[in-house]
Amino acid sequence: MAAGNKVSAAVLISGSGTNLQSFIDKVASGTLDLGLAVVLSNKPGAAGLERARQAGIPVECVQHGDYPDRESFDTALVDTLDRYVPDLIVLAGFMRILTPVFIDHFAGRIFNIHPSLLPKYPGLDTHQRAIDAGDQWAGSTVHFATEELDGGPPIIQGRVPVLPDDTADTLAARVLAVEHRIYPEAAALFAAGRLRYRDGGAWLDGERLDQPIQYE
Ligand code: GAR
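Note that this is a predicted model, so its numbers are computed, not measured.

Engineer: I keep staring at the overall build of the protein chain and nothing clicks. Help me out?
Structural biologist: Counting its regular elements, the protein chain contains six helices and eleven strands. Here the protein chain has a C-alpha radius of gyration of 17 Å; the compact-globule value for 216 residues is 17 Å, and the two agree. Principal axes of the C-alpha set define a box for the protein chain whose edges measure 50 × 40 × 35 Å. Residues counted as buried form 48% of the 216 residues belonging to the protein chain. Counting contacts in the protein chain only where the partners sit at least 6 residues apart, residues at least 24 apart contribute 62% of the total. Summing over all exposed atoms, the protein chain offers an accessible surface of approximately 10300 Å²; the carbon and sulfur share of this is 51%. Looking at the protein chain, you have 18 positive and 28 negative side-chain charges, and the mean spots of the two groups are 4 Å apart.

Put into structure tokens, the structure is as follows:
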């Protein structure tokens, strides 16, 4: 980042982009001091691309099907994103597993949001798994992305109750609402220089976070 400039983010999406929208809205209202440099999707039809266009943010599409393996896809992602010189990579419903080609290039500067109270339920179908397990609480976790899928150090968690008549869809909607609060919150801490990745951990105001910040 050049001196005096805002911290800038690249947001990677695969679908609806409601988390992206929460960033766009908070930047527009002045409650999140972050530059949105580019929105990239691996799917040309991702609805989130239209949200980006409406907000005047440059968009890029890199389709995984155009590449023979994960490493060459990740190389294309890196090459595309580097043109925008982002300080922070925000994975916001980006449904591809990333290799060390990507993770090492942006080491310590990648956020992911995962719709469970990690370390519970890494991977897919998180809401149904929480319902099937009879959990009282579900939620979402923002964490620094590392080579371990959904395994990097957590930053902030938002939890919501699981209600008796919940389906995966109704629970997902409740979790999304809390995601729209915690994800910009984490980005604001990073943009303010208060949150960093170091020695395999998340550090806030110079102290290693033993537990993620809890948000309810
Ligand atoms: C969000 O719930 C996010 O946590 C999840 O995808 C959704 C994207 O919604 N991410 C993952 O499952 C990643 N493993 P959005 O496109 O409306 O922001």
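On we go.
Engineer: Mind showing me how you'd approach the pairing of strand β4 (residues 88–91) here?
Structural biologist: Side-chain direction in a regular strand flips from residue to residue, so the side chains alternate between the two faces of the sheet. By the alternation rule, side chains of β4 split into L88 and V90 and I89 and L91, which are all buried. Relative to β4, strand β1 (residues 8–13) runs parallel, the two sharing four bridges. If you follow L12 over to β4, its bridge partner there is L91. As defined by bridge partners, β4 adjoins strand β5 (residues 110–114) across three bridges and the pair is classed as parallel. Residue pairing across strands places V90 opposite F111, the latter belonging to β5. Traced from β4 through helix α4 (residues 100–105) to β5, the parallel crossover comes out right-handed.

Engineer: So what exactly am I meant to see when it comes to unusual backbone geometry here?
Structural biologist: The omega angle of the peptide bond from L118 to P119 is 15°, so this bond is cis rather than trans. With respect to the element layout, P119 can be found in the loop between β5 and α5 (126–132). In this structure, Y121 takes a positive phi of about 55° despite not being glycine. Tracing the sequence through the fold places Y121 in the loop between β5 and α5.

Engineer: Which parts of the structure should I look at to understand the nonpolar core?
Structural biologist: Grouped burial of nonpolar side chains is what soluble globular proteins tend to show. Formed by 35 residues in total, the largest nonpolar core has its most connected members in L34, F111, V142 and I155. If one sorts the elements of this core by residue count, helix α6 (residues 168–191) sits on top with seven residues. Ignoring any residue separated from it by four or fewer positions in sequence, one finds V142 in contact with F111, N112, I113, P154, I155, I156, I182, Y183 and A186. Membership of the second largest hydrophobic core comes to 20 residues, among which are A10, L40, F102 and I110.

Calculation rules
Residues numbered from 1 in each chain as written. Predicted model: local features only at pLDDT ≥ 70, side-chain atom pairs only at ≥ 80, totals over all residues. Heavy atoms only, no water. Helix = DSSP H or I, 4+ residues; strand = E, 2+ residues; numbered from the N terminus. Rg over C-alpha atoms; globule rule 2.2 N^0.38 Å. Buried < 20%, exposed > 50% of the residue type's maximum accessible area, 1.4 Å probe, protein only. Contact = heavy atoms within 4.5 Å. Areas by Shrake-Rupley, 256 points an atom, 1.4 Å probe, with all protein chains shown as cover. Lys, Arg positive; Asp, Glu negative; His and termini not counted. Charge placed at Lys NZ, Arg CZ, Asp CG, Glu CD. Pairing = 2+ DSSP bridges. Right-handed = clockwise from strand over helix to strand, strands pointing away. Core = buried A, V, L, I, M, F, W, Y, C linked by side-chain atoms within 4.5 Å.

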